[in-house]
Structures are given as C-alpha cells and as structure tokens.
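Architecture and fold: a report
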Amino acid sequence: MKIIPSLLFLQLIFLAFNCKLNAQQPNKPNIIIILTDDQGYGDVGFNGSKQLKTPNIDKLAKNGAIFTNGYVSYAVCGPSRAGLITGRYQDQFGYSRNPLFAPKDASLGLPLEEETLAEALKKAGYTNMAIGKWHLGAHTTLRPLKRGFDEFYGFLSGGHKYFPEQLIRNDLSEVGSQFDAYNTKLLRNDTRVEETEYLTDAFSREAVNFVDKNAKKPFFLYLAYNAPHAPLQATKKYLSRYPNIKNKDRKTYAAMVSAVDDGVGLLLQKLKDLNIEKNTIVFFLSDNGGNENKGSFNGPLKKGKGSLFEGGIRVPFAVQWKGTILPNQKFEHPMISLDIFATAVAQANITPKNKIDGKNLIPYLSGKNNEPPHKALYWRMYDKKSVAVRKDNFKYIIEKGGEVGLYNLTNDISEKNNIKDSLKSKELKSLFEIWNKNNIKPIFYGLGENKEYNQKHPKRFKNVEKY
Ligand code: CA
C-alpha cells in the first residue's frame with residue numbers, strides 16, 4: 001500500500017524545520033535600564049546597607065551579578081546620562097556640563113550626530129520607551145521622541161517635584177527660570193497630562209504598563225527615576241517604613257529609595273508573570289554617587305556627587321539576565337555604565353553608528369572570559385580641572401588642579417593613603433593624556449553659568465512654545 005503523507009505529518013516536518021530556524025536565530029533580548037538619581041554606593045542592601053531595605057533591588061542583584069567596582073562616566077547627572085545613552089565618553093562630544101534648562105536652545109543637549117541606544121536598537125526593530133528624567137535637552141529637536149524613543153512619560157529638566165499637587169505649571173510658557181521647570185506637569189509624549197500619583201509610583205506604573213503592552217516583541221525600557229534626587233519628598237506610605245530614623249533628610253531619602261524598590265519589585269514580577277525573564281536583561285544603577293548633604297550614604301567611599309573620588313563615580317550597580325548571566329556573582333573587575341550600550345547592541349546584533357567605548361559584558365558574566373573588560377577607565381571634569389584614571393587596582397586622581405593622588409583601591413577603598421609612586425603615576429598620567437586627545441571642550445553652558453547665560457540670552461524664557 002502506498003503511504004500518502006498526511007497533512008499532520010507535513011505539519012510536523014514544517015514545525016521541526018521551523019524550530020531549527022528559531023534555534024539558530026535566538027530572540028533579541030529586551031533591554032531594561034533602571035537608573036536612579038544620586039543614590040549612594042552604600043544605599044542598597046547588596047552593598048551592605050544596614051539601614052535601607054531594598055529587597056527587590058537585592059533580588060535583581062542576586063539573580064545575576066553585582067558590580068562591586070561599577071562606575072559611571074561622570075560625577076553629576078547630565079554628562080553621566082549622555083555617556084550611558086551613547087556608550088561613549090561624553091567628553092568626546094563636549095557634554096561635559098550639566099546642561100541649563102533652555103527649551104529654545106537647540107545646542108543645549110545631546111548633539112544629534114550622537115546615536116542614542118534607542119536609535120541603535122530601532123535598527124533591530126525594538127520598541128522603545130523613556131520614563132522619568134530626560135536631562136538630554138529640552139529643545140523640541142532634542143526630546144525623547146526625536147532620539148529613538150517611541151514613547152515618553154516624564155519631564156525634561158534635571159529634577160522634579162514628587163507630589164502631584166505641586167505640578168502646577170501647564171506648559172513651558174509658564175516657566176520663567178531655571179528651577180521653575182521642577183514643577184511643570186508631566187509630558188506624555190508631547191502632551192502635558194494631569195498626574196495623580198506620587199511621581200516614583202507613577203513612573204513604576206508606566207514601566208509595568210509598557211512591558212505588559214510590548215512583551216511579544218523586543219523592547220527597550222529606559223526607566224530613569226529622579227528619586228532619590230532632591231527635593232527630598234516622600235509619602236507616608238514609604239516614610240512609615242523607617243520609624244527609627246531620626247534625621248529628617250535621611251528618613252525621607254530612605255523612603256524615596258523604598259518607593260523605587262517597590263517599583264523594581266513590580267517590574268520584576270511583571271517579567272516573571274509574562275514569562276520573559278530569560279529574554280530580558282535588566283540593569284540597575286545610579287547616575288552618580290550620593291550627595292551626603294541630601295541624605296545619602298556612600299559607604300566606605302570618599303566624598304560623593306561632584307567629586308572624582310570614588311564616592312562620586314562608583315555607584316550601586318547590578319544586572320540580571322536569567323538563564324544567561326550566572327546568578328550570585330560578585331563581579332570585581334572595574335566596569336562602567338558605557339558597557340550597557342555595548343552589551344545591548346551586541347545582543348541585538350547591531351553595528352553602532354559611532355565608535356563606542358563600552359564592552360559587551362556577557363562573555364565576562366557567563367563565565368567565558370575571566371580577564372578584566374577594560375585596560376583602564378577615565379574621567380575628566382573640565383571646569384573643575386579634575387581628572388582620574390582607574391587601571392587594575394590603582395586610581396590616579398587630581399581634584400581641582402591640586403596634588404596628584406595615587407591609591408591602591410584593593411587595600412584602600414577609602415582613598416586615604418596616597419602612595420606617591422611616581423613611576424605608576426607617570427604611567428597612568430600618560431594613559432590619561434592619550435585618552436584626552438580625543439576629547440573636546442564643553443559645547444554648551446552649564447548650570448554654573450545660569451546668570452551669564454541669562455545675560456547673553458535675555459529672552460531665554462520669552463515666547464517659549466506652549467508644550
Ligand atoms: Ca544624579
């Protein structure tokens with residue numbers, strides 16, 4: 001009897017062939033960056049905080065790797081974000097200051113020649129959303145929807161009020177000074193909206209909704225909380241978790257971090273519920289070190305926000321990617337926020353437009369490569385005449401044009417003993433000089449030049465577009 005292949009049989013062959021194809025072309029992973037603002041190195045459980053409880057952020061870290069020597073590329077918000085979102089040392093394109101809020105000025109923000117991670121991932125079909133603090137330019141040409149994001153929910157300036165009843169300005173035509181922008185209503189894409197929740201809770205809600213909506217296709221979520229950046233404002237729900245902290249600033253700061261932690265918990269739970277944990281890389285970090293005058297704590301690190309000592313640039317930093325990154329890792333080699341871009345584009349199989357400075361971390365985190373990812377890391381604060389280099393255990397630093405410091409961070413994490421090894425200093429200095437050849441001067445006015453900028457642009461806030 002002649003065997004006629006049944007339809008079912010043909011379907012099975014097709015399915016088997018299809019499975020093989022799928023195995024050869026693994027899904028592009030989703031990318032989530034959870035960025036906090038001015039959170040100190042010592043203010044997460046996974047870095048040993050005894051006072052602050054961050055069970056959800058700690059869970060993320062436990063699921064993957066803690067970067068004990070994880071850095072950002074600058075010691076304040078704006079330039080650090082410019083480095084993170086481009087994967088490049090921001091001094092190469094002159095983003096060396098915290099930009100002034102100047103919505104009529106197209107030069108005050110991330111230059112259009114730079115490729116954002118959202119623009120890069122767009123080339124591989126990703127759907128992208130930015131939530132929270134933007135701080136990469138308020139001009140209409142520089143906003144998230146012009147920089148590769150499909151959706152935006154948040155604000156454009158360097159900080160914001162947290163209580164919805166304080167968001168009183170209807171649009172930018174009501175902004176008359178630098179800090180007025182702190183209490184504008186939030187933007188959903190290009191439209192001002194009425195928010196009713198505490199800001200951190202609102203951003204968490206938006207993040208969960210975005211993931212829910214986009215779980216079936218590759219997405220990139222840039223969740224840039226402004227917490228726990230000043231103004232220090234928290235609701236009773238979170239304040240009540242710290243009945244024993246007496247210092248008011250510290251208590252409010254702790255509550256603000258707790259609100260972020262709840263958001264991280266909701267987001268991780270959503271990934272689990274949707275069964276996409278194994279297809280989603282989640283980074284958690286702060287954009288710079290904590291400001292110890294505003295309630296934060298940098299643990300054993302020296303100084304904080306605004307300084308190139310470790311407290312300004314070494315931040316709480318962790319990643320999870322279930323099934324690929326080995327869990328319970330402590331990754332001790334120096335790494336930097338610029339590595340996030342490099343890691344993401346490598347997984348999405350994209351060639352970046354510009355030369356990037358970060359490294360794809362996955363070979364190092366999946367046990368394939370035990371070498372340090374970087375030969376050295378570099379910092380420059382142009383206005384302050386501060387420079388720093390990290391190579392292996394050593395840190396070379398000049399703050400405010402002062403004396404040369406050289407520290408062995410392995411046995412002196414607090415940078416107390418300047419070892420004054422002139423040969424080593426010379427080696428690191430020459431590495432810095434080579435790196436610095438690619439840098440340019442700052443291309444725009446920073447926060448410090450607010451008065452000067454106003455004098456040169458007396459109509460800075462006059463006739464600003466309504467939105
Ligand atoms: Ca910051």
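Residues take numbers from 1 onward in each chain, read along the sequence in its written order. Thresholds applied to this predicted model are a pLDDT of at least 70 for local features of residues and 80 or more for the giving and counting of side-chain atom pairs; totals over whole chains, interfaces and linings are not thresholded and use all residues. Excluded from the side-chain calculations are hydrogens and water; all other atoms, namely the structure's heavy atoms, are used.

**A word on empty space enclosed by the protein**
- Residues are said to line a cavity or pocket when one of their atoms sits within 4 Å of a point; the points come from a 1 Å grid over protein atoms alone, cavities being sets where a 1.4 Å probe fits but cannot get out and pockets being open sets with protein on both sides within 12 Å along at least five of seven lines. Grid points are joined across faces, edges and corners, and a volume is the space filled by probe spheres set on the points. Counted by the stated rule, this structure contains four cavities of 30 Å³ or more.
- Its boundaries defined by the atoms lining it, the largest cavity holds a volume of some 70 Å³.
- Together, 13 residues line the largest cavity, and P99, L100, F101, A138 and L156 are the ones closest to its centre.
- The residue inventory of the lining of the largest cavity, partitioned by class, reads eight nonpolar, five polar and no charged.
- Within this model, the second largest cavity holds a volume of roughly 40 Å³.
- The classification used treats Ala, Val, Leu, Ile, Met, Phe, Trp, Tyr, Cys and Pro as nonpolar, Asp, Glu, Lys and Arg as charged, and all other residues, Gly among them, as polar. Looking at the lining of the second largest cavity, its residues break down into four nonpolar, one polar and four charged.

**As for the coordination of the calcium ion**
- Sites may look incomplete, because water is not among the atoms used; the donor set itself consists of N, O and S atoms within 2.8 Å of the metal (3.2 Å for Na, K and Ca). Distances from the calcium ion to its protein donors, namely D37 (OD), D38 (OD), C77 (SG), D287 (OD), D287 (OD) and N288 (OD1), fall within the range 2.2 to 2.6 Å.
- With six donor atoms in place around the calcium ion and angles of 53 to 161 degrees between them, the coordination shape is irregular.
- Taking the relative accessible area as the measure of exposure, D38 reaches 6% and is therefore buried. Every geometry call rests on angle ranges, with four donors termed tetrahedral when all angles are between 85 and 135 degrees, four termed square planar and six termed octahedral when opposite donors are over 155 degrees apart and all others are between 65 and 115, and everything else termed irregular. Each residue gets one of three labels from its accessible area relative to the maximum for its type: buried under 20%, exposed over 50%, partly exposed in between, using a 1.4 Å probe on protein chains only.

**Re the packing of aromatic side chains**
- A pair of aromatic rings is counted whenever rings of Phe, Tyr or Trp (Trp by its six-membered ring) have centres within 6.5 Å, and the orientation is called stacked for planes under 30 degrees apart, edge-to-face for over 60 and tilted otherwise. In the structure shown here, the tally under the stated rule is 20 aromatic pairs.
- Pairing F67 with F317 gives two aromatic rings, centres 5.1 Å apart and planes at 75 degrees, and the pair type is edge-to-face. In this pair, F67 is assigned in strand β2 (residues 65–67) and F317 in strand β10 (residues 317–320), connecting sequence segments 250 residues apart.
- Judged by relative accessible area, which is 0%, F67 ranks as buried.
- With centroids separated by 6.0 Å and ring planes inclined at 35 degrees, the aromatic side chains of Y162 and Y198 adopt a geometry described as tilted. One end of the pair, Y162, is in the loop between β5 (151–155) and β6 (186–188); the other, Y198, is in the loop between β7 (191–193) and α5 (199–214), and 36 residues separate them in sequence.
- In this structure Y162 comes out as buried when scored by relative accessible area, which is 0%.
- An aromatic cluster of three or more residues is present, and its members are Y89, Y378, F432 and W435. Helix and strand definitions follow DSSP, with helices as H or I runs of at least four residues and strands as E runs of at least two, each counted in order from the N terminus.

**What about the sheet that holds strand β11 (residues 329–331)?**
- DSSP bridges decide pairing: two strands pair if at least two such bridges lie between them. Across the sheet, 10 strands lie side by side as β7-β6-β5-β4-β8-β1-β9-β10-β2-β11; this open sheet has mixed pairing. Strand pairing shows two members of the sheet lacking a second neighbour, β7 and β11, which therefore form its edges. On average, adjacent strands in this sheet sit at an angle of 15 degrees to one another, irrespective of strand direction.
- When strand β1 (residues 30–36) meets strand β9 (residues 280–286), the two strands line up parallel, connected through seven bridges. Along β9, the bridge assignment pairs L35 with L285. Lines fitted to C-alpha atoms define the axes, with helix axes restricted to the stretch in contact, and inter-axis angles between N-to-C directions lie between 0 and 180 degrees.

**Some remarks on the sheet that holds strand β14 (residues 386–391)**
- Ordered by their spatial adjacency, four strands build an open sheet running β13-β14-β15-β16, and the pairing between neighbours is antiparallel. Bordering the open sheet on either side are β13 (377–381) and β16 (404–408), each of which pairs with just one other strand. Strand-to-strand, the axes of this sheet are offset by a mean angle of 10 degrees, without reference to chain direction.
- Contacts are assigned to residue pairs with any non-hydrogen atoms lying within 4.5 Å of each other. The strands touched by helix α11 (residues 422–436) are β13, β14, β15 (394–398) and β16; relative to β13, the strand with the most contacts, the crossing angle is about 70 degrees.

**Topic: the nonpolar core**
- Here, nonpolar core means buried Ala, Val, Leu, Ile, Met, Phe, Trp, Tyr and Cys residues that are tied together by side-chain atoms lying within 4.5 Å of each other. Counting 60 residues, the largest nonpolar core has I33, F220 and Y222 as the members making the most contacts within it.
- Looking at this core, the element that brings in the most residues is helix α9 (residues 338–348), giving five residues.
- What Y222 contacts, discounting residues up to four positions off in sequence, is I33, L35, R81, L84, I85, M129, A130, I131, K133 and F149.
- In terms of nonpolar packing, the next biggest core, distinct from the first, is built from 44 residues, L167, A207, I276 and F284 among them.

So far we have only geometry, and geometry alone does not tell us how the molecule works.
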